[in-house]
Amino acid sequence: MVEIAALPFAFPLKPDAVALVVIDMQRDFAEEGGFGASLGNDVSRVTKIVPDVKRLIDGFRKAGLPVIHTMECHRPDLSDLPPAKRDRGNPSLRIGDQGPMGRILIAGEPGTAILAELAPIEGEIVIEKPGKGAFYATPLGEILKERGISQLVFAGVTTEVCVQTTMREANDRGYECLLIEEATESYFPEFKTAAIAMIRAQGGIVGWTAHLDDLLEGLPHA
Ligand code: C5J
């Protein structure tokens, strides 16, 4: 066990039972013409964290520890897209519509891909998820169980939506969850700050938060 400086107290990292989960670092959330931009968001906030997410992924790879990537996306026939999700709000492009990078948030389309700099390498797990949480309607739970994983380190976007939802799902399933502050972002800075505060409040009611360098220091060979 390695103690990682974290809040609300040190995170007891178990290198033989930890995996990194990188949430939805997709073109659709980071580039003009994608889903995030269609909702009126400033997507440059997402691209800004790419170098730190890459340092985190590289740290896990060098340490020989598992890296899991998630992608928010739907089947081309939209059978896994509830009307309540598709029809909510007033975006310029809805999920499934044709955009400049292909159909918005549809599996296999160019815009749905993970950013090239962060692309999964051979042997890494990629979870396609139709919801905000990565456990809902995916094999993630079974995959983690099979591999004896009990701790999850989180990165990705957006902090208060898919990252926080997945951390809460994981926390309820008994995983110890650690969010890396520099490797997550929101379109709304105040929501990132609030989500981080909520996660570690009340003695770590959802989990821990830590800075990237403090985690990297504790990873074997990173
Ligand atoms: C959103 C996500 N914000 N990955 N998705 O719709 O957080």
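Quick summary incoming for the structure in this document. (Residues numbered from 1 in each chain as written. Predicted model: local features only at pLDDT ≥ 70, side-chain atom pairs only at ≥ 80, totals over all residues. Heavy atoms only, no water.)

### Thoughts on the sheet that holds strand S4 (residues 67-72)
With respect to topology, six strands assemble into an open sheet ordered S7-S4-S3-S8-S9-S10, the strand pairing being parallel. Only two strands of the sheet have a single partner each, and these edge strands are strand S7 (125-129) and strand S10 (208-210). For this sheet, the mean angle separating the axes of adjacent strands, direction not counted, is 25°. Inspection of the sheet shows strand S3 (residues 18-23) paired to S4 by four bridges, in the parallel sense. Residue pairing across strands places Val 21 opposite Ile 68, the latter belonging to S4. The strands touched by helix H4 (residues 50-63) within the sheet are S3, S4, strand S8 (151-157) and strand S9 (176-185), with S3 carrying the most contacts at an inclination of about 155°. Strands in contact with helix H8 (residues 189-204) are S9 and S10; relative to S9, the strand with the most contacts, it is inclined by about 165°. (Pairing = 2+ DSSP bridges. Helix = DSSP H or I, 4+ residues; strand = E, 2+ residues; numbered from the N terminus. Axes fitted to C-alpha atoms, helices over the stretch in contact; angles between N-to-C directions. Contact = heavy atoms within 4.5 Å.)

### Considering unusual backbone geometry
Put simply, Leu 7 and Pro 8 share a cis peptide bond, and its omega is 10°. Of the consecutive residues Val 157 and Thr 158, the connecting peptide bond is found in the cis state with omega at -15°. Looking at where Thr 158 falls in the secondary structure, it is placed in the loop between S8 and helix H7 (159-172). Its identity as a non-glycine residue notwithstanding, Asp 24 has a phi of 55°, on the positive side. Inspection of the secondary structure puts Asp 24 in the loop between S3 and helix H1 (27-30). On the accessibility criterion, Asp 24 (0% relative accessible area) is buried. One non-glycine residue, Leu 78, adopts positive backbone phi at about 60°. Position of Leu 78 among the secondary structure elements: in the loop between S4 and helix H5 (83-86). (Buried < 20%, exposed > 50% of the residue type's maximum accessible area, 1.4 Å probe, protein only.)

### Brief notes about the site of the ligand
Around the ligand, the structure places Asp 24, Phe 29, Glu 72, Lys 132, Val 157, Thr 158, Val 161 and Cys 162. Glu 72 has a polar side-chain atom sitting 3.0 Å from a nitrogen atom of the ligand. With respect to the ligand, the side chain of Lys 132 contributes an N or O atom lying 2.9 Å from an oxygen atom. Burial of the ligand by the protein chains amounts to 92% of its free accessible area of 230 Å². When the residues that make up the shell around the ligand are grouped by side-chain class, the tally is four nonpolar, one polar and three charged. (Near = heavy atom within 4 Å. Polar contact = N/O pair within 3.5 Å; in protein donor to acceptor, adjacent residues only side chain to side chain. Areas by Shrake-Rupley, 256 points an atom, 1.4 Å probe, with all protein chains shown as cover. Nonpolar A, V, L, I, M, F, W, Y, C, P; charged D, E, K, R; others polar.)

### A word on the environment of Leu 118
The topology assignment puts Leu 118 in the loop between strand S6 (102-103) and S7. A relative accessible area of 2% means that Leu 118 is categorised as buried. Spatially, the C-alpha atoms of Leu 118 and Ala 10 are 28 Å apart, while their sequence positions differ by 108 residues. With residues near it in sequence (within four places) discarded, Leu 118 still touches Met 25, Val 50, Val 53, Lys 54, Ile 57 and His 69.

### As for H7
Taking 1.5 Å of rise per residue, 14 residues should cover 20 Å, and H7 covers 18 Å from first to last C-alpha, within 8% of that figure. Where H7 is concerned, the buried positions are Thr 159, Cys 162, Val 163, Gln 164, Thr 166, Met 167, Glu 169 and Ala 170. Just past H7, the residue Gly 174 takes up positive phi, approximately 100°. (Expected span 1.5 Å × (residues − 1).)

### Regarding the nonpolar core
In summary, soluble globular proteins display a tendency toward joint burial of nonpolar side chains. In terms of nonpolar packing, the biggest core is built from 47 residues, with Met 25, Leu 56, Phe 60, Leu 178, Ile 180 and Leu 215 touching the most fellow members. Looking at this core element by element, the count peaks at six residues for H4. Excluding residues within four positions of it along the chain, Phe 60 makes contact with Val 18, Ala 19, Leu 20, Leu 65, Pro 66, Val 67, Val 153, Leu 215 and Leu 219. Residues Ile 125, Ala 134, Leu 144 and Tyr 175 belong to the second largest nonpolar core, which totals 24 residues. (Core = buried A, V, L, I, M, F, W, Y, C linked by side-chain atoms within 4.5 Å.)

### Considerations on the side chain of Glu 169
Relative to the helices and strands, Glu 169 resides in helix H7. In this structure, Glu 169 is buried with no salt-bridge partner, the nearest side chain bearing the opposite charge being Arg 173 at 5.0 Å. Side-chain polar atoms of Glu 169 contact the backbone nitrogen of Ala 134, separated by 3.1 Å. (Lys, Arg positive; Asp, Glu negative; His and termini not counted. Salt bridge = Lys/Arg side-chain N within 4 Å of Asp/Glu carboxyl O.)

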